[in-house]
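# Analysis of the macromolecular model
These are the residues of each chain, in order.
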Amino acid sequence: MSAKDISRSDVEDFLYDEAALLDEWRLDEWLKLLTDDAIYQIPSTDAPDSDARNALFLIADDATRIKARVKRLNDTEAHAESPRSRTRRMIANVRITERDGDTLAVSANFSVYRYRRNSPLRHFVGRYEFRLRVTDKGLRIAERRVILDPTELGTLGAISFIL
Amino acid sequence: MTDSPFIIDQPEDMVFRLNRRTLADPEILTREQTEIFDKSWIYCGHESEVSKPGDFCTRDVCGRPVIFSRDSAGDVRVFLNACRHRAAMVCREPCGNTRRYNCFYHGWSYNQDGELVGVPGEDSYPPGFDKANFSLAEPPRVDSYRGFWFISFNPDIKDLKEYLAGATEYIDLVADQSPSGEMQVIQGTQEYDIRANWKLLVENSFDDYHLLTTHKTWLDYMKDSGVQVEPPKGQGLLLPSKGIGKGLGNGHAVIDNINFRGRPVARWISIYGEDAKEEIEDIRTELVERLGEKRAARVADTNRNLVVFPNLVINDGSSVTIRTFWPVAADHMKVTAWALGTKEESVRARARRLDSFLTFYGPGGFATPDDVEALEAVQAGLATWREVEWSEMTRGLNKEGEQLNTDEEHLRAFWREWNALMTVDA
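Okay, the overall build of chain B next. Secondary structure summary: chain B contains 11 helices and 21 strands in total. Against the 2.2 N^0.38 benchmark of 22 Å for 426 residues, chain B shows a C-alpha radius of gyration of 23 Å, consistent with a compact globule. Across chain B, the fraction of contacts at a sequence separation of at least 24, relative to all contacts at a separation of at least 6, is 63%. Working note: accessible area of chain B is about 17,400 Å², and carbon and sulfur atoms make up 49% of it. Here chain B contributes 49 positive and 68 negative side-chain charges, whose respective centroids are spaced 1 Å apart.

In structure tokens form, the structure reads like this:
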């Protein structure tokens, strides 16, 4: 299998499954969707197109730190997520923007609703830029970049969960 | 306001109590605007953010929209971002470079020096109308220390350097990291709100008492990464204890700790990777050549969390962050944070600094979200301020001499100044 064998609906199925794992806080299973060299990044809201090597991001994890992030979130002493947020992810406008060998570039819009304790709804809106790799186990995430539309996080507060 | 004092400060009786109303009552915030913020020097921006003539950043400082900019002569200028005609903002971009600040409403325009240069239909104004009287207004006082620019709306305030008092030593320790003395604000701004009183972030920014419990998962992460998280025993410590906390005059205060958890300048830890060792050695060698062994060690081997009264924090630890915050309500603040690096650092050193920043700091870091949670939990609890009036703030009060980073002398230093300003006319 190579990227040319993958259809948009294959990608949609994959992204919906990923969203379900995250909404259900099945983070160890979510980790299995990542490649060994995966990265997870959220640029600062005022520099959405920047590079984490020369701009301050909100999150710029390599594979090691993604695992550390999950370990932290599985710990009840990650106070910001204890009790946990309830999230609901809507993913739409999924587009395969590039196919190259075993790799697909995918863009998708998201609308993530987050409730926690008694605080008001926090609504995260933006787009995902994925780099997905075709493997013999199926699609895997090599790069997961979250680009937020708000010009500042403001009342969204901290991004203490996996966005 | 009730008659109950804001603080009870009786060190001879081992008493220091903070009235919780100071963190919860909207009346206090109204008074803070005039008695604290309008009377102090307030951080506006760093000179590196406006490096060329015509460069500007717009931001809210001290509750006013301002343009932090560089004029045609290359001098840093701060303008109030309000047209002299009807007060509309003349610049609505976050930052950039411009020849003119144009008010789109009726078309008045100003040059880089804030002078009014264009008035459509100027001939309809009566005789005596003179554009020279309508330059963009500027705060009464604008001054800088080592690249950090401050403004004050108090025309009678003491000079900035005198105001900064002992804080200058700690700003020097940051700026001295750079071979040229020039630091640079790095692209990418973290802007997030906390549903808590702004003074809780003052306390939290240099309260080391909370580290072990609030940041257990961060300490675990560091340990998992092979970093020594406990202070080394005994020999050769730069400071008499593992860390101290102290007031620096005028409400500024600091915690000053021996570093043992790594610094991009210039203390290697395993997280940076083996290939970073050599460059960090080089950075250290440069420091030693320029500053001497002792001063280089002071710059490289201590972490300092500095609060410049009232609302500027410069934390120099796993990375350097500038953080300022502004209350929008008694229980709600807006936080803005930047990363600061040396102007000369290599692409790899810059990347390492930014990576190190994110392990702890910021709304997606491994520590800051738990601080936010702590402050919001405090604020929720503060709704009981009418029932439980006082917070105990006596850690270290019984000690002669030096106070630890986990004591509360530095917190008391902030609150004493705050109290003095808030009660000056009482």
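The subject of this paragraph is the packing of helix α4 (residues 198–205) of chain B against helix α11 (residues 409–422) of chain B. The axes of two packed helices give the description: the angle between them and the distance between them. Residues and elements named next belong to chain B. Taken N-terminus to C-terminus, the directions of α4 and α11 make an angle of 150°; their axes are 9 Å apart at the nearest point. Here α4 lies roughly antiparallel to α11, going by the angle between them. Here α4 and α11 pass one another in a crossing that is right-handed. Mapping the contact onto sequence places Trp198, Lys199, Val202 and Glu203 in α4 and Leu411, Phe414, Trp415 and Trp418 in α11. Taken together, the residues of the contact of α4 with α11 break down into six nonpolar, no polar and two charged.

With that out of the way, let us pick up the pattern of salt bridges. Taken as a whole, this structure holds 52 salt bridges over all chains when the rule is applied. A salt bridge links lysine 199 of chain B to glutamate 32 of chain B; the nearest nitrogen and oxygen atoms lie 2.6 Å apart. In this pair, lysine 199 of chain B is assigned in helix α4 and glutamate 32 of chain B in helix α1 (residues 26–35), connecting sequence segments 167 residues apart. Overall, lysine 199 of chain B belongs to the buried group, its relative accessible area being 0%. You can call glutamate 32 of chain B buried: its relative accessible area is 0%. When the shortest N-O distance is used, the salt bridge between arginine 284 of chain B and aspartate 301 of chain B registers 2.8 Å. Taken together, the residues arginine 284 of chain B in helix α7 (residues 277–291) and aspartate 301 of chain B in the loop between α8 (293–300) and β17 (302–308) connect sequence positions 17 residues apart. Considered together, arginine 284 of chain B and aspartate 301 of chain B belong to a single accessibility category, that of buried residues. Here the residues in one salt-bridge network are Asp61, Arg65 and Arg69 of chain A together with Asp355 of chain B, joined through shared partners.

What follows covers helix α6 (residues 216–224) of chain B. When we look at burial in α6 of chain B, the residues that qualify are Thr217, Trp218, Leu219, Asp220, Tyr221 and Met222 of chain B. Of the residues one or two after α6 of chain B, glycine 226 of chain B is the one with positive phi, at around 85°.

All right, on to the interface of chain A and chain B then. Contact with chain A, which involves 37 residues of that partner, is made by 37 residues of chain B. Across the chain A/chain B interface, buried area totals approximately 3,000 Å², and carbon plus sulfur atoms make up 52% of it. Broken down residue by residue, the surface that chain A buries against chain B is led by Leu56, Arg65 and Arg72 of chain A, which jointly contribute 24%. Scanning the region where chain A abuts chain B turns up seven salt bridges. The salt bridge partner of glutamate 152 of chain A is lysine 334 of chain B, with a shortest N-O separation of 2.7 Å. The interface formed by chain A and chain B contains 21 residue pairs in polar contact (both at pLDDT 80 or more). Elements supplying a minimum of two residues to the side of chain A that touches chain B: β2 (57–61) and α3 (63–73) of chain A. Tallying contributions element by element places α3 of chain A first for the side of chain A that touches chain B, with five residues. Within the side of chain A that touches chain B, the residues separate by chemical class into 14 nonpolar, 11 polar and 12 charged.

This next bit is on the pairing of strand β3 (residues 86–100) of chain A. Residue and element names in this part refer to chain A. In this sheet, strand β4 (residues 103–116) lies alongside β3 in antiparallel orientation, the contact comprising 12 bridges. Bridging across to β4, arginine 89 finds its partner in valine 112. Turn length for the β3-β4 hairpin, with the two strands adjacent in sequence and antiparallel, is two residues, and the turn residue glycine 101 shows positive phi of about 60°.

Let us look at the sheet that holds strand β6 (residues 76–80) of chain B. Residues and elements named next belong to chain B. Here four strands make up an open sheet; going across it, the order is β6-β5-β4-β7 and the pairing antiparallel. Every interior strand has two partners, whereas the edge strands, β6 and β7 (95–97), have only one. Between one strand and the next, the sheet's axes are offset by a mean angle of 25°, whatever the strand orientation. Note: strand β4 (residues 55–61) against β7, three bridges, orientation antiparallel. Paired with cysteine 57 across the strands is cysteine 95, a residue of β7.

Thresholds, definitions, all that
- Residues numbered from 1 in each chain as written.
- Chains lettered and ligands numbered in written order.
- Predicted model: local features only at pLDDT ≥ 70, side-chain atom pairs only at ≥ 80, totals over all residues.
- Heavy atoms only, no water.
- Helix = DSSP H or I, 4+ residues; strand = E, 2+ residues; numbered from the N terminus.
- Rg over C-alpha atoms; globule rule 2.2 N^0.38 Å.
- Contact = heavy atoms within 4.5 Å.
- Areas by Shrake-Rupley, 256 points an atom, 1.4 Å probe, with all protein chains shown as cover.
- Lys, Arg positive; Asp, Glu negative; His and termini not counted.
- Charge placed at Lys NZ, Arg CZ, Asp CG, Glu CD.
- Axes fitted to C-alpha atoms, helices over the stretch in contact; angles between N-to-C directions.
- Parallel < 35°, antiparallel > 145°, perpendicular 65-115°, else oblique.
- Left-handed = near helix turned anticlockwise from the far one by under 90°.
- Nonpolar A, V, L, I, M, F, W, Y, C, P; charged D, E, K, R; others polar.
- Salt bridge = Lys/Arg side-chain N within 4 Å of Asp/Glu carboxyl O.
- Buried < 20%, exposed > 50% of the residue type's maximum accessible area, 1.4 Å probe, protein only.
- Buried area = accessible area lost by both parts, 1.4 Å probe.
- Polar contact = N/O pair within 3.5 Å; in protein donor to acceptor, adjacent residues only side chain to side chain.
- Pairing = 2+ DSSP bridges.

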